[in-house]
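Descriptive structure summary
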Amino acid sequence: MMARLNAFSLAAAHYVGRRPATISAVALGAVAGVAAMIWSARPAEIIAPADAARAYFAAGDYRSAVETLRAAYRAQPSEALKLDLARALLASGDFAGALDLMRARADGEVDSGAYLRAEAMIGAARYDDAAALAEKVIAARPTDGRAMLIAARASYALGDRAGAEQQLGRALRALGDSLAEAWLFRARLALDANDLAAAG
């Protein structure tokens, strides 16, 4: 499991170095935050394409990762492959493709793709939509720290620093396995405010 997460770390570092600052923070969240969910236990029949895609990610070859996962998903659709493909599309910068793949449920219920859709919305500069979706998740899951963190990013992108800090504070209190990601975003806010002590 750690080897798999290390591969995600390599991909995140490569991606963040190539993107504008605001999107980079979001991209890091998408890669690091969804990693544990995506690379959790899965049926044996999808291990091979997932492993091949992970190798492409480690090499920074996101296009090949997308192609590999898309072919596997078309051949044998599954929710796990769908999440993998959406994440690959996000990392490659194809936010429209990720949104098209991870369409909302017709009944309006919050589903497992909500986080990825919100991340893609931020990547596509649809900050109001991302904020609205994050709030919808929070309404359904009042202690959902990841949704609070996405709401904080959306507020920040919209220029609402006070709102971003408020949502981030809630996220820091609620988050578990994504706590480090929230602290990274806190450091970014502090740097923007020239608060070097808080950033450190």
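Scroll up a little and you will see the structure.
A brief structural summary. Since this is a predicted model, take the numbers as computed values, not measurements.

**Observations regarding unusual backbone geometry**
- A positive phi angle is found at Ala 125, which is not glycine, with a value near 65°.
- Of note, Ala 125 is situated in the loop between helix 7 (114-123) and helix 8 (127-140).

**Details of the pattern of salt bridges**
- The final tally for this structure, using the stated rule, is 6 salt bridges.
- Among the salt bridges present, the one from Arg 54 reaches Asp 51, with a minimum N-O distance of 2.6 Å. With Arg 54 and Asp 51 both in helix 3 (residues 47-58) and 3 residues apart, the pair spans about one turn of that helix.
- The shortest N-O distance in the salt bridge between Arg 141 and Asp 144 comes to 3.6 Å.

**Details of the packing of helix 10 (residues 161-174) against helix 11 (residues 179-192)**
- Contact geometry for helix 10 and helix 11: axes closest at 10 Å, N-to-C directions at 150°. By the angle between their axes, helix 10 is roughly antiparallel relative to helix 11. The crossing of helix 10 and helix 11 is left-handed. Facing Arg 161, Glu 165, Leu 168 and Leu 172 of helix 10, the residues of helix 11 in contact are Leu 179, Ala 182, Trp 183, Phe 185, Arg 186, Leu 189, Ala 190 and Asp 192.
- Each residue belonging to the contact of helix 10 with helix 11 can be placed in one class, and the counts come to 8 nonpolar, no polar and 4 charged.

**Quick look at the environment of Arg 186**
- With respect to the helices, strands and loops of the structure, Arg 186 is situated in helix 11.
- Judged by relative accessible area, which is 29%, Arg 186 ranks as partly exposed.
- C-alpha separation for the pair Arg 186 and Leu 172, spaced 14 residues apart in sequence, amounts to 9.1 Å.

**Looking at the packing of helix 4 (residues 62-75) against helix 5 (residues 79-92)**
- Orientation of helix 4 relative to helix 5, taken along the N-to-C sense of each, is 155°, at an axis distance of 9 Å. In terms of axis orientation, helix 4 runs roughly antiparallel to helix 5. Of the two possible hands of crossing, helix 4 and helix 5 adopt the one that is left-handed. Each of Tyr 62, Val 66, Leu 69, Arg 70, Ala 72 and Tyr 73 in helix 4 lies in contact with helix 5, whose residues at this interface are Leu 81, Lys 82, Asp 84, Leu 85, Ala 88, Leu 89, Ala 91 and Ser 92.
- Here the residues of the contact of helix 4 with helix 5 sort into 10 nonpolar, 1 polar and 3 charged.

Calculation criteria
- Residues numbered from 1 in each chain as written.
- Predicted model: local features only at pLDDT ≥ 70, side-chain atom pairs only at ≥ 80, totals over all residues.
- Heavy atoms only, no water.
- Helix = DSSP H or I, 4+ residues; strand = E, 2+ residues; numbered from the N terminus.
- Salt bridge = Lys/Arg side-chain N within 4 Å of Asp/Glu carboxyl O.
- Axes fitted to C-alpha atoms, helices over the stretch in contact; angles between N-to-C directions.
- Parallel < 35°, antiparallel > 145°, perpendicular 65-115°, else oblique.
- Left-handed = near helix turned anticlockwise from the far one by under 90°.
- Contact = heavy atoms within 4.5 Å.
- Nonpolar A, V, L, I, M, F, W, Y, C, P; charged D, E, K, R; others polar.
- Buried < 20%, exposed > 50% of the residue type's maximum accessible area, 1.4 Å probe, protein only.

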